[in-house]
Every structure is written in C-alpha cells, then in structure tokens.
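# Close look at the chain arrangement
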Amino acid sequence: MLPAHKQSLEALLAASVKQVVTEANGDAAAVPAIALERPKAAAHGDVACNVAMQLAKPLQKNPRELAQRIVDALLAHEGAKDLIETAEIAGPGFINVRLTPHAKQAVVAAVIAEGAAFGRSAHAAGKRVLVEFVSANPTGPLHLGHGRQAALGDALANVLASQGYDVHREFYYNDAGVQIQNLAISTQARAKGLKPGDAGWPEAAYNGEYIADIAHDYMAGETVAAKDGEPVKGTGDIDDLDAIRKFAVAYLRHEQDMDLQAFGVKFDRYYLESSLYTEGRVAKTVDALIATGKTFEQEGALWLRTTEYGDDKDRVMRKSDGTYTYFVPDIAYHVTKWERGFSKVINVQGSDHHGTIARVRAGLQALGVGIPAGYPDYVLHKMVTVMRDGQEVKISKRAGSYVTVRDLIEWSGGAQPGQEAAPDLLDEATIQRGRDAVRFFLISRKADTEFVFDVDLALKQNDENPVYYVQYAHARICSILAEWKTRFGGDEAAFPQMDVSALTSVRAMALMHKLAEYPDMLTHAACELAPHAIAFYLRELAGEFHSFYNAERVLVDVQAERDARIALLAATRQVLANGLAMIGVSAPAKM
C-alpha cells in the first residue's frame, strides 16, 4: 500500500488497540508497536496484523476475542471509512484488512503526480554515506567480480540516495604492493620481446595480451592518463623499471575507466592506496595503535591484539622484514573515511575479503577515536561463472586468464566473433544492450549467492530473458500509449484528471497493489543493503502488467474504461522506468 495509507492504518490500529487495552484495565503505555505485513494468500486481504496475539498474554485474554474488539474499534473510527473495506479475524487472532477500491486506486494518481520521484523518501535526509566498490588493482582489465561489485555498488548507492542519503561513491585503487611490481616486470619483459612460455619469462608475470599493448605504447612514447590523474608519457627506456611502472599503472587505470564508462558507472573519488604511504597515514596509524598498548612484538614482527575485539587470533601488522600486512593500510584508509565525516560506510567486496572484516574493525576499535563497533558495513558477493554456447568460459583474449567485464558486455550485446577486442567496431546499441543485460543479471540474485551468467540467455528476446521481459513491458506500454494518441487523440497532459474508479477487476487491483509496494520495497532494499530486491520487484511488476494486458483490452470504445486503463498503464510505465533507472538499466520505448 502507499506509505500515506500505511501510516494512516497504523495510526488507526494504534488508537484502536490503546482503546481496547484501556477498557481491559491494561497499561496503555505498554502497547506494542503496530507491525503490518502482507498476508501469504491474497484471498486473506491486503494487510495483516498480529497485535492481538501479542496482547493476549499480558491482558490474559483470548487473542481472537481481543482481535474482534480491536476490529470493532477500528471500523468505528471516522477515518477508516475511506481506507478500510473489511477487517476480519483469521486463525488464532490475526487481523486481516482489505482496503477500499478507492484507496487502492489512489496509487495511479500518486505515481502520475510524482513521476520519477515516486517511491523516494526523505527520511535519511542530512545523513552521509560512503559506498566503496570495485576497488581493483590497476594490474589488468576489470574481471567479473569487479563487474558484480559495480552492479551491486552502483545500484545500492542509488537505492540509498532514494531514501535521502547524501551518497558518495568511492573507488580505492590498490596501487601499492607486490602486484604493481609484477606488473612493471611483466611489461618490461614484453618490451624486451619475451612472451609467456619463453625462457626468461618472469614466473609471477601477467600473461594477458594487454601487457604487450602496454609495452608497445610505452616503447612508442605514447601518453596515457587516468580520469583523475596526470598524463604519463612512455619514455621508451627499457631499463627504467620505475618509469615502466608509472606508465603501466596509468595505462591500466585508463583502461579501467573505459570499462566503467561502458558499464555506466561513475565515482565521486578515486582514492590511491599509495597516498596513504606518501602522506604518512599508514605510519601514523601504526604509531597510534602502538600508543594504545594494543600491540606487541614477537619474533621481530609487530602484532595487533585483535582477539580483544572478537578475532579468532592476533594478527601480524608489520612483518620482520619491515613491510606491512595488507590490512594495515586498510585501517588507515578507513580512518580517513571517518575523518571525512562518513559515519556510515559500506564496502562492496568479494567474499574472499571475509577474513579482513574482523581485523579492520578490530584495528579501528583499538585506536579508540570514537569509531563505533561494526564500522564499516560490508556487502560480500560470491563468484560469477560465465556460460556461452553451453560451455563455461574461463579464458579471455584480453586478460589471458579470466573473462573481463567488457567481454561480457560485448558478448551480451550480440558482438560477433572478432569484434570483442575492437570496441570501435561496435555500435552504441550493442553496448547498451550488453550493459543492460549485464547490470540486470548481476543484480538479480542475492550478493551472497553464486551466480551463473548465461550469455545465450542474455541474447534471447523472449520471456525467458528477465531483462527483456521487464523492458518489453515498458516498450509495450509505450506502444499502446502511442496508438491511443493516434486513434483517440489522447494527450498525456490529461492523465492527472483521469477518473480511475472503473479499475475494479481482479487483475487491475493486483497491478495497482504491486505499484503501491514500490516505495516500501525501496525502503527495505536500503535498510537491508539488498539491491537485488529491485530486480525481483521489477520481474513481478512486469508479470502483473502482462497478466492485466492479456486479460483486459485497453483501447475499448467506452471512454471511462479506456481512460482508467490508460492511466493505469501510464503509472505502470513510470514505475518500471523508475525501477530500471535505480539499477542502471535503460527503459526502451521500442524493442
């Protein structure tokens, strides 16, 4: 139901319960909060409440008897007449409420009036949240795990923004450490004419063809730059490993920028791990932890007493060779998030990061600077498997050992063999189709479940393909509205004045009920950090629309019925578009 109707019903029930409790000589101040839920079966009504069963024991009353008293008081309220059609007792004491047709029909006008803002809330206005996601090493193209993070993180950021949060999207570049050194060595080996399998090829080198491209451009004196970085020119000096490293990192950061652009994802800030060292933040954090007395030295290494904060064992911070373990800069990085005023932080990462959660949180707690326990929040996702032509795909020409995000976008958009490595051969429509499929598919399951991405399914143009199914619902409505304008001279400016009282059929009621669920669904998705709920909802909404359309003609001769059904379709089109935009998927007018 609409949020306004929910609030009204909760207030009416609360007043009724208080009245019944007072009459039973109970403590009116101890009345439990009213919780409304949807009955499992539509035949049982639109909303259910179990407050009578909660009160039965403290009042020493039969729950069904209490429920009947609450219903009598509820229906006697003047405000219930326009909202409640029936209120009945079920089972051991459930109160099942059915809304009036007028209350259900109100969603059509609400959607049309609010447009793209329908479903949004301001309850979190003034609160800041930082969502960190993707955060790849600049050592190669973005892989499928990064793609799932991009889809989850961007959709989650949109959902949080829909609730009024001031959302900051951040990408943490792991541009320090042994992987970057391996990147430089790999590029140098390619520049010397070596390739994987040759004698002298470094054991830890990266084998993808992209390394050869970097080496070629470095030797040719090309200039590259990441979106937020300074231009770096290849010097062509094959022995200057530091120059090779800087060029290779800038090259791959630029490539990752292109991957993210193809995916339709933007960030507010790119934070470099290397800056934590150059600005002295890592050393400052270590000194602060030592000062708290939460560290100890053993066998030449510095340890953090993480067991005091729930970890299963204490952890090494600084190894005997003087280098830091990987969770130490993570602690320093999260201190910067706190210092920048982000009291709520969400990290979207792969499930392989599970072990770092306790360590990072322990380090932040040990600092004693007021960071709350449980900071930051984490959304961990499991791996993605790609199937194409009935076979699992593990190798990419681009990356050498894994499928890239851009591979998946191009395959899902219908790129022909030979086009994958040449984006300039692809038209924008192909990229758009691929982006829509990949973003919808990667958001369509809970993050903590493994996902099989079927490229063949993504290419199907039928009801089996979930993104096609939802987008086709939107396109079909656009087609019907276009026909309405042509045949009947329809004008969308008339939508707000249309009378929808003729929408009384079972299928129309079901569709309106689903439309009214959209605001609550968004709120739930934000609270639970569960953007997959949007994809679930969109499939259900598309299903309700298709059922309605198959059951009832829209462009009938009777104007009152035609106008009501057209208004309902216009509202459905709007909510489909709103939901698709929330997960970064287009809402085509034609398919």
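Right, let's get into the pairing of strand 17 (residues 451-454). Here strand 17 shows a buried face lined by F451 and F453 and an unburied face lined by V452 and D454. With 4 bridges joining them, strand 15 (residues 384-388) and strand 17 adopt parallel strand pairing. Following the sheet pairing, V384 is matched in strand 17 by F451.

Moving on, we get to the sheet that holds strand 12 (residues 315-318). Strand-to-strand pairing in sheets goes through backbone hydrogen bonds, with the strands running parallel or antiparallel. Read from one edge of the open sheet, 3 strands run 10-11-12, paired in antiparallel fashion. Each edge of the open sheet is held by one strand with a lone partner, namely strand 10 (295-298) and strand 12. The sheet shows a mean angle of 45° between the axes of neighbouring strands, taken without regard to direction. The pairing of strand 10 with strand 11 (residues 301-304) spans 4 bridges and is classified as antiparallel. Within the sheet, the bridge partner assigned to T295 lies in strand 11 and is L304.

One ladder, built from 3 bridges, connects strand 2 (residues 47-49) with strand 4 (residues 94-99); its direction is antiparallel. The residue bridging C49 from the neighbouring strand is I95, located in strand 4. Hairpin remark: strand 3 (residues 84-90) followed by strand 4, antiparallel, with 3 residues in the connecting loop; positive phi at G91, about 55°.

With that settled, consider helix 14 (residues 428-443). For helix 14, spanning 16 residues, the distance from its first C-alpha to its last is 22 Å, which sits close to the expected 22 Å at 1.5 Å a residue. By the criterion of burial, helix 14 is predominantly enclosed, with 12 of the 16 residues buried. Of all the positions in helix 14, only T430, I431, G434, R435, D436, A437, V438, R439, F440, F441, L442 and I443 are classed as buried. Sitting at the head of helix 14, D427 places a side-chain oxygen 3.0 Å from the backbone nitrogen of A429.

With that settled, consider empty space enclosed by the protein. Considering all chains together, one arrives at 2 cavities of 30 Å³ or more under this definition. Of the voids in this model, the largest cavity is the one considered here, and its volume is about 60 Å³. Looking at the largest cavity, the residues that line it are M1, L2, H5, L99, A103, K104, M512, H513 and A516. Looking at the lining of the largest cavity, the elements with two or more residues in it are helix 4 (101-114) and helix 17 (506-516). Considering each element in turn, the lining of the largest cavity owes the most residues, 3 residues, to helix 17. For the lining of the largest cavity, the class distribution of residues is 6 nonpolar, 2 polar and 1 charged. Around the second largest cavity, the lining residues are A43, H44, G45, T86, E88, N96 and R98. Counting residues per element, the ones that place at least two in the lining of the second largest cavity are strand 3 and strand 4.

With that out of the way, let us pick up the environment of G264. Relative to the assigned elements, G264 resides in the loop between helix 8 (241-263) and strand 9 (269-272). Since its relative accessible area comes to 41%, G264 is described here as partly exposed. Each C-alpha atom of the pair G264 and A30 lies 51 Å from the other, and the pair is 234 residues apart in sequence. Leaving out residues up to four positions away in the same chain, G264 has contacts with D154, R435 and R439.

In this section: the layout of surface pockets. In this structure, the second largest pocket encloses a volume near 590 Å³. Lining the second largest pocket we find 22 residues, and of these R38, E517, D520, M521 and H524 sit closest to its centre. No other element matches the 5 residues that helix 19 (residues 532-551) contributes to the lining of the second largest pocket. By residue class, the composition of the lining of the second largest pocket is 8 nonpolar, 4 polar and 10 charged.

What follows covers unusual backbone geometry. Note the cis peptide between Y375 and P376, where omega equals 0°. Checked against the element boundaries, P376 lands in the loop between helix 12 (354-367) and strand 14 (377-381). Of note, N25 is a non-glycine position whose phi angle comes to about 60°, a positive value. When you line up the elements, N25 lands in the loop between helix 1 (3-23) and strand 1 (36-37). Assessed through its relative accessible area of 73%, N25 is described here as exposed. One non-glycine residue, V134, lies in positive phi territory at about 70°. Take V134: it is sitting in the loop between strand 5 (128-132) and helix 5 (144-162).

Analysis parameters
Residue numbers run consecutively from 1 along every chain, following the written order of its sequence. Only residues with pLDDT of at least 70 get local features here, since the model is predicted, and only at 80 or more are side-chain atom pairs given and counted; chain-wide, interface and lining totals rely on the full set of residues. No hydrogens and no water enter the side-chain calculation; it runs on all heavy atoms of the structure. Three labels apply to residues, based on accessible area from a 1.4 Å probe with only protein chains included: buried if under 20% of the type maximum, exposed if over 50%, partly exposed otherwise in between. Under the DSSP-based scheme used, a helix requires at least four consecutive residues in state H or I and a strand at least two consecutive residues in state E, with every element numbered from the N terminus. We call two strands paired when DSSP finds no fewer than two bridges between them. Comment: axis = line fitted to C-alpha atoms, over the contacting stretch for helices; angle = value between 0 and 180 degrees taken between N-to-C directions. To estimate how far a helix should reach, multiply one less than its number of residues by 1.5 Å. Definition of a polar contact: a pair of N or O atoms within 3.5 Å, with one able to donate and the other able to accept a hydrogen when the atoms are protein atoms, and with sequence-neighbouring residues admitted only if both atoms are side-chain atoms. Using a grid of 1 Å spacing that covers the protein atoms alone, one calls a set of points a cavity when a 1.4 Å probe fits there but cannot get out, and a pocket when the set is open and has protein on both sides within 12 Å along at least five of seven lines; lining residues are those with an atom within 4 Å of a point. Grid points are joined across faces, edges and corners, and a volume is the space filled by probe spheres set on the points. Here the term charged refers only to Asp, Glu, Lys and Arg, the term nonpolar to Ala, Val, Leu, Ile, Met, Phe, Trp, Tyr, Cys and Pro, and the term polar to all other amino acids, Gly among them. The contact definition used throughout considers only heavy atoms, calling two residues in contact when any of these lie within 4.5 Å.

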